[in-house]
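# An overview of the molecular structure
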Amino acid sequence: YHENEQAAAARSFCKAVLRAESPATAARELCRAWEAAATGRPGPVLFEAPVDVLRAESREGPLAWAPPPPPAPPVEEVERAVQLIPAWRRPLILAGGGVVISGAEGELEELASR
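Please read all numbers here as calculations on a predicted model, not as lab measurements.

This part covers the overall build of the chain. Helix and strand counts for the chain come out as 6 helices and 2 strands. Counting from the amino terminus, the chain carries its helices and strands in the arrangement α-β-α-β-α-α-α-α. In summary, the chain has a C-alpha radius of gyration of 21 Å against a globular reference of 13 Å for 114 residues, an excess of more than 25%. Principal axes of the C-alpha set define a box for the chain whose edges measure 65 × 30 × 20 Å. Buried positions account for 13% of the 114 residues belonging to the chain. In the chain, the share of contacts with a sequence separation of at least 24, taken over all contacts with a separation of at least 6, comes to 70%. Approximately 9,600 Å² of the chain is accessible, and the part contributed by carbon and sulfur atoms is 56%. One finds the centroid of the 12 positive side-chain charges in the chain at a distance of 5 Å from the centroid of its 16 negative side-chain charges.

Dropping the structure here:
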């Protein structure tokens, strides 16, 4: 319940800004917000629902949305990296949040120890 333009203010730092204009569109827009939040590069998503939409009843049932599996790296690139690793003399590994998001901490630790 704000008197400012939240959506306009958030556009510069959000991946997506979505708004439920009516009870009939709320579930669909919420699914779109989840999809935007869970795919591609991580980042914030704003989902806005006016008070009248939140208080209203809707006949639309819940929509199911499942995140897509993360993309796998091309096999050729992995094989090429495997060939290069034995020649490394003083490797430096820079790992980002993708390691945590994909649950690959163990694999990264194993690579670093080798």
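Read on, since the account is not over.
On the surface, L84, W88, I93 and L111 cluster together into a nonpolar patch covering about 350 Å² of accessible area. Structurally, L84 is set in helix α4 (residues 75-84). Take L84: its relative accessible area is 45%, and that puts it in the partly exposed class.

What follows deals with the environment of R11. Positionally, R11 belongs in the loop between α1 (6-10) and β1 (16-19). Classification of R11 as exposed rests on a relative accessible area of 53%. Between the C-alpha atom of R11 and that of A112, which follows or precedes it by 101 residues, the distance is 39 Å.

The subject of this paragraph is the layout of surface pockets. Taken as a whole, the largest pocket holds about 890 Å³ of empty space. Residue lining of the largest pocket: 28 residues in total, with P70, P71, P73, G98 and S102 positioned closest to the centre. Of all the secondary structure elements, the ones that give two or more residues to the lining of the largest pocket are α2 (23-38), α4, α5 (97-101) and α6 (105-113). For the lining of the largest pocket, the element with the highest residue contribution is α4, accounting for 4 residues.

Right, let's talk about the pattern of salt bridges for a bit. As enumerated under the stated definition, the model contains 3 salt bridges in all. With a shortest N-O distance of 3.0 Å, R19 and E21 are connected by a salt bridge. Accessibility expressed as a relative area gives 35% for R19, which makes it partly exposed. Several salt bridges converge on common partners, so that one network encompasses R19, E21 and E48.

Criteria and thresholds
Residues numbered from 1 in each chain as written. Predicted model: local features only at pLDDT ≥ 70, side-chain atom pairs only at ≥ 80, totals over all residues. Heavy atoms only, no water. Helix = DSSP H or I, 4+ residues; strand = E, 2+ residues; numbered from the N terminus. Rg over C-alpha atoms; globule rule 2.2 N^0.38 Å. Buried < 20%, exposed > 50% of the residue type's maximum accessible area, 1.4 Å probe, protein only. Contact = heavy atoms within 4.5 Å. Areas by Shrake-Rupley, 256 points an atom, 1.4 Å probe, with all protein chains shown as cover. Lys, Arg positive; Asp, Glu negative; His and termini not counted. Charge placed at Lys NZ, Arg CZ, Asp CG, Glu CD. Patch = residues over 30% accessible without salt bridge, like charges linked within 9 Å, V, L, I, M, F, W, Y side chains within 5 Å. Salt bridge = Lys/Arg side-chain N within 4 Å of Asp/Glu carboxyl O. 1 Å grid on protein atoms, 1.4 Å probe; cavity = no way out; pocket = protein on both sides within 12 Å on 5 of 7 lines; lining within 4 Å. Points joined across faces, edges and corners; volume = space filled by probe spheres on them.

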